[in-house]
Each structure stands twice: as C-alpha cells, then as structure tokens.
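Summary of structural features
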Amino acid sequence: MDRLKRRLALLAALLAPLPALAVPGFAEVRAAYQPSEATLLARDGRPLHSLRVDMQVRRLAWTPLADISPALLRAVIAAEDKRFMEHAGVDWLAAGSAAWNNLRGQRTRGASTLTMQLAGLIDDDGQRRGQRSIFAKIGQSTVALRLERSWSKGRIVEAYLNLVPFRGELQGVAAMSRTLFGKWPHGLDDRESAIAAALLRAPNAAPEVVARRACALLGELQRGDQCRGLEAFTFQALNYQLRDLRPAAPQLAPHLARKLLAEPGRDRRSSLDADLQAFAAQSLRRHLTALSRQNAEDGAVIVVDNASGEILAWVGSSGELSGAAEVDGATALRQAGSTLKPFLYAQAFGQRQLTPASLIEDAPLSLDTGNGLYTPQNYAPGYRGWVSARQALAGSLNVPAVQTLVRLGADAFHRRLRDFGFASLQEDGDWYGYSLALGSADVSLLMLANAYRTLANAGRWTPLRAEPGKPARPPCQDGGCAGVFAGRPRTVDGPGAAFLVADILADRAARAATFGLESWLATPYWAAVKTGTSKDMRDNWCVGFSPRYTVAVWVGNASGSPMHDVSGISGAAPVWREVMDRLQRGTRVAAPQPPAGVIGAAIRFEPAVEPARREWFLQGTEQPVVRAAQQTALARIVYPADGTVIALDPDIPPARQRIPLRLSGPLPRGGHWRVDDRRLPAGSDWLPQPGRHRLSVHDARGGQIDSVGIEVRAMRGKRPAS
C-alpha cells in the first residue's frame, strides 16, 4: 500500500507543472548522512576512539570531492554515465537507444545517468535503487532534471559516491576504499578505481566477474596494461572479511567507548584526558610485559579528579597483551584484598573505638565461625606482638584488622562499605564474616577509586562522571558500575576520621617495617596509598590519592588464574607511581591541614613497643601514655555469638554438653565471665541451663567489655524403639 501511494504521488507530480516538484538541497542531503561509526572525544575535543555502532551498513565520514581520486572519477563516469558532463540529468540519446534495443528484443545497457541513480539513492534512503518499473524511472528522471537545475555536476558526483553501495555492507567511497584497499579515497590508483567502478553495476558479483569487467574498463580508459594479475588482486581485495579492519582514528579507550557511544554518526565528548589516557595505557603495558613470565597479562587503570569526580583516564585492559582484551578490568568484580582496610579503621576512629595510637595485639588468633575456626595470618610470616593502629594499617597487618572487625561487628562494617559505594556487596555482613576485613568481597576498580576519593574529600561521597560538566546519563549502571555514577551526595565519615586514615596511608615511616623506606609507594610529594593482594595472588591492587587526584590500578588475569609471586607492591604499584608522578610533575604538593576537631599530641608507649612520637587524635581521645597492659578493649566474645540458640540433647550426658566460651583475644588479667550477672568459676566453658541468658565478660575492676544474648532449649527425650 505504501509503495502504491508513493507511485501515485510521483505520477501526480509528473502531471503537475515541473517547477512545483521539490528536491532536497545538497546541504540537506549531506546533513542527513550518518556514518555507521561514532567517535569518543577527549575533554579537549581530540578523537580518542572510533566505534562502529550501526551494524546494518558500513559508512565512514562524508568524503568531499576534492578528497576523491581523479582516477576513480574517470572510471565511474566511464562505467556508468559517459555523457555525464553533457546531459542535463537524463541522457535522452542513451534512453532512446535502450528503448529501441528493447523493442528489437536485444539486451542493452541501462540508460540511468549518475544523476538519476542519485535520485534513487536520495529517495527512501536509496532503498528503491535498482527498481526498473516505469514509475521508478519516470520519478528518477523528473528528480534528476530538478537536481541538475539546482546542483552543480561536482556536487552530484560527490553525493553519488558517498551514498552508493559498493559491495555487501559497504556504502560510500570512504568505506569502500578503506575496507577494500586500506587507503583513503584520494589515493586510489587506476586499477583500484576500475575495480570499484565495476562493483557499481553488480556489487555482489564474483571476484572473477568483477576482474573481467574492471579489465574491460581499463581498456576503455587506455590502461589495458594494468590487467596483468588483476584477477588475483581483485580476489584479495574482495576478501576483506578475512582482514583485520581497524579504524584509522586512535583507539585509546575501547571500553568507555562501548559504554558511551550508541548513536551512529554522533560523536560524544568524554571527560578523559587524551595524553593521560595514552600514558596510562603505555605504562600498564610496559610493566605487564616485564611481568609476563610471572603469568600476569591483564590490568586496568582509573584516574579521577577529586574535586569534580570526572574520570581522566579509563584503561580497561592491556590490549594486545591480553587474551581477553574485551573484558573491562575497571568494572570487573574481583576480591579486594587489603584495599578495604582503610575504611575499617576510618570507622573505628570515627566511632572512637580506636585511635592511631591504640595498641592491637598481632598474635595467633582463632575465631569460631559456627562452621569451624577462622585463623587469619599475616601476608609475611610471623607476628609482631603489640602494634599501634597506625603501624597495623600502614603495614597492612591482617590479624589486627580482623581484631578491629570483631570489635566493630561485620554487619556494621558491611553497612559502612555500602555507604562508601561498594554496591556489589549484596549479602549481609554475617555472610562475609571475619574475612571481610581482609577483602574477601568482590569489588570493582571503579568502586575502589571513588571510595578512596571519598577519603580524599574528607569523607564526602559524590558520584563519578565520565563526561565533563554537569552530570549526564551514566555510562553503565550494573555490575562493577553499580552505585558509582548515580546516587545522592552523602557524608560517610567525618573529616577527622578521613584525615587520620589519609595521614597513616601517607606515612612512609609507619609502613617501613613491611614495605621498607624506599618503595614504589614512597613518593617525593604527599600521597596516601594502599596496596592489596587477593587469595592465591589472583589480583593485586594499588589505590591512592593526592589532594587533587585519585589513581587506582589493578593487575591480574581476566581468566582468574593466579600470578606467580606478584603482589600489589610489585604488580600494580609501579604503574600507580608512574601515573601519579606524571600528574604531579611540576607542582608542589603539601600535606593536608588537619580539620577542626583533630589535634596533635606527643605520646609514648609503656613498654616502649614503638618509639615516642607526635600523633593525631580526634579531640577527646588523646592519650599521652599508651600502655599495652591496658589494651583489653579489643577482646570480644566470638562464641557463642549474639542470638545463638543452643539445643540440649537429653540423651547426652550434661558434662558432654558444656559450651566453650571464646574471646577474640586473651582474657584480661583478673578478667572473668558472667551469666545473668552471676560470676562463673575460672575456666573457659559453661554448663548451659534452659532459658534466655545474658553472657558477658568483664575486666578486673568489674567493667563490662562485651556481652551477648543467647537462648538454651531443652529437647524432649527420644521415644523407645518399638
């Protein structure tokens, strides 16, 4: 019905006066042309990455006539419209000859001029091209006459070569030239031009047919000497599906391009810095090349402007070094390792449960989880005894971190991590258990980058941006992007707690016992940084910030296979340092000033487990003397857990059903257990009685350290066997 309507409308136009028939202008046709690709632009407008978006047809940017080879123009006119420069849109001589031959029953070459073919291409976006009905021919002839009145010959051939299909999905001279011959249209020679012109009449003809027609055309153009080897050359050109067709534009940000580019022909400006993007990608590839023998082939880098939240670099993979370059390492979910520890200590500082000077015992620890014992160990063998929270965090000690989590509670820490933007933590705190302190949860590099940026911004969380200026449509919203690009600004930690953690992460002396005084983390300017390594060295991280920038790096394998002796300090840290050095070159970076409510005070330890020093405190928590003997606050009840229900079996002797009482640390000297305010005899177990009970542990002066509520139920006796 639509086709009939179009034909009737065209017939009506023929019956009307010729001047009443409207045709589009050249500028209108060019403006309506949309390449099948879109380009991601850097923040300064430079092209970063071109990506094909329209998979139905392949079109490149519009090619002006001045950029088209004269050899191609000669070949196309000779093949399609020899009197193009002479007629006014319709070649009446060719049309009459074709009509006469048709009456005589002889095969004849079509009489459509380039202008008539252009009319067919413009009509319905070229869908009607090739129709030979009388209505189509009359309509094309009428539009062709109008086009010749308002368009120049140059504009007609320019539009024709940009709109005409050449072969398969290839439309337009640029797509044809780049795909078949690997060059731009201005560089096409006589032989290539003859092949291209031969395709116009039969775009999907066999290579040998195209070669034969191209040779005949070369003969007409007095270039017959170039027919030698033409068939093999044509076959090679037309088998472009077997070649790696890479866009000519720089390909620097494939992963972000796939997230932002959605509309054919529409370029989109990103927040990325082109030079920084190239540098970060180069640094990552160079260091991964050095680690190739240690089974490390993948990595990712994210750089964020702290103030605006704009992403300045997004390197999702190592490119050709990777066996899975399409996987975006910036959004992939991986075990966080020790990179979550700063948020744990920030929570403890903010709740005044700890200070940077608080002593935590780094000693063998076993915690009852209900499914067995959890025994955390440090990355390096051995234990240090009493260490300050500053030394524990800066040195990334595992046992003190678990001790701190026991004090805060896994659920409370889990909620805090969610506030920091770790939306991938879908289960509750009890599901992750004590290992949450050591980064057993899966997070993305984007989440880590914005969480550390939150610390840099005094505990204030805001979403990231992948485009400059006001917030735009998030490039991704699920998986490793969840909760990163959307959400209301919020204060997660107070400025004081964030400052204390940042000061520790920037303390070269505090981390020296683990990393040494000189390492990739020891920058000549102020920077707070933390590394992390997941189980079996499958992932390692380095995330840190200066007052202006946050840089996050992941190194590992997209397949999940473990690396060989590659930790955060040897894998991700060198890349982090190179990128941060480039960001800070030529600038002076001073340490942040303490916010209101943070004071400095001189401290000493008894015994002198650490040298005397000046320490930062939240006002009201300062301790001039820190005594190890008084550090009992971290002892928490780990079994039975709060809310435990215990069932007594009447067929088991009571003495065999005593409940072991366990703390996260040793029972303080003079400390004791109580059940419902009744002091228990010295020992580490209890004979339960049916009912609800409050179990608590107290210090030598009777002060309560911790308590849990439990329920004991009596089971009925078993029925005798019948």
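Predicted model only: the values in this text are computed from it and were never measured.

As a further point, take the side chain of E615. Within the secondary structure layout, E615 lies in strand β20 (residues 613-618). Here the side chain of E615 touches R390 through a polar contact of 2.6 Å, side chain to side chain. In contact with E615, other than residues within four places in its own chain, are P356, A357, R390, I599, G600, A601 and I603.

It is the contact of helix α14 (residues 341-350) with helix α16 (residues 398-408), at a shortest axis distance of 10 Å, that shows an interaxial angle of 45°. Taken together, the axis directions place α14 and α16 in an arrangement best described as oblique. Crossing angle aside, the handedness with which α14 passes α16 is left-handed. Contacts between α14 and α16 involve K341, L344, Y345, Q347 and A348 from the former and N398, P400, A401, T404, L405 and L408 from the latter. Class assignment for the residues of the contact of α14 with α16 results in seven nonpolar, three polar and one charged.

Spatial strand order, β20-β19-β21: three strands in an open sheet with mixed pairing. Of all the strands in the sheet, just β20 and β21 (625-627) have a single pairing partner and so form its edges. If you compare each strand with its neighbour and ignore which way they point, the axes differ by 50° on average.

Turning our eyes to something else, we now look at the pattern of salt bridges. Pairs may arise between side chains of opposite charge once their charged atoms sit close together. With the rule as written, the count across this model stands at 34 salt bridges. The residue R46 makes a salt bridge to D44 at a minimum N-O spacing of 2.8 Å. The class of R46 is partly exposed, set by a relative accessible area of 36%. Between E615 and R390 there is a salt bridge, and its shortest N-O distance comes to 2.6 Å. Placement of E615 in strand β20 and of R390 in helix α15 (residues 389-394) is noted, with a sequence separation of 225 residues between them. Like E615, the residue R390 is buried in the burial classification.

Between E606 and the following residue, P607, the backbone shows a cis peptide bond with an omega angle of -5°. Residues other than glycine seldom take positive phi values, yet R352 does so here, at roughly 60°. Owing to a relative accessible area of 47%, R352 belongs among the partly exposed residues under this scheme.

Under the criterion given, the structure shown has two disulfides. Covalently, C476 is tied to C481 through a disulfide, its sulfur atoms 1.8 Å apart. Its S-S torsion of about -60° marks the bond between C476 and C481 as left-handed, since a negative value means left-handed. Should the bonded cysteines of the protein be numbered as they appear in the sequence, the pairing reads 1-2, 3-4.

Scoring rules and cut-offs
- In this numbering scheme, every chain counts its residues from 1 along its sequence in written order.
- It should be noted that, the model being predicted, local features are given only for residues of pLDDT at least 70 and side-chain atom pairs only at 80 or more, the latter also being counted only at that level, while totals for whole chains, interfaces and linings use all residues.
- Hydrogens and water are ignored here; the side-chain numbers use all heavy atoms of the structure.
- Here a helix means four or more residues in a row that DSSP labels H or I, a strand means two or more in a row labelled E, and each is numbered from the N terminus.
- N or O atoms closer than or at 3.5 Å make up a polar contact, with two conditions inside protein: a donor-capable atom paired with an acceptor-capable one, and, for residues adjacent in sequence, both atoms drawn from side chains.
- Any two residues whose heavy atoms approach within 4.5 Å at even a single point are treated as in contact.
- In this analysis an axis means a line fitted to C-alpha atoms, helices contributing only their contacting stretch, and an angle means the value between N-to-C directions, from 0 to 180 degrees.
- In these notes the angle categories are as follows: under 35 degrees is roughly parallel, over 145 is roughly antiparallel, 65 to 115 is roughly perpendicular, and the rest is oblique.
- Should the near helix be turned anticlockwise from the far one by less than a right angle, the crossing is left-handed, and should it be turned clockwise, the crossing is right-handed.
- Polarity classes work like this: nonpolar for Ala, Val, Leu, Ile, Met, Phe, Trp, Tyr, Cys and Pro, charged for Asp, Glu, Lys and Arg, and polar for all others, with Gly in that last group.
- Each pair of strands is called paired provided DSSP finds at least two bridges between the two strands.
- Only one rule defines a salt bridge in this text: a Lys or Arg side-chain nitrogen within 4 Å of an Asp or Glu carboxyl oxygen.
- Note on exposure labels: buried denotes an accessible area under 20% of the residue type's maximum, exposed denotes more than 50%, and partly exposed covers the range between, all computed with a 1.4 Å probe on protein chains only.
- Cysteine sulfur pairs qualify as disulfides if the two atoms are within 2.5 Å.

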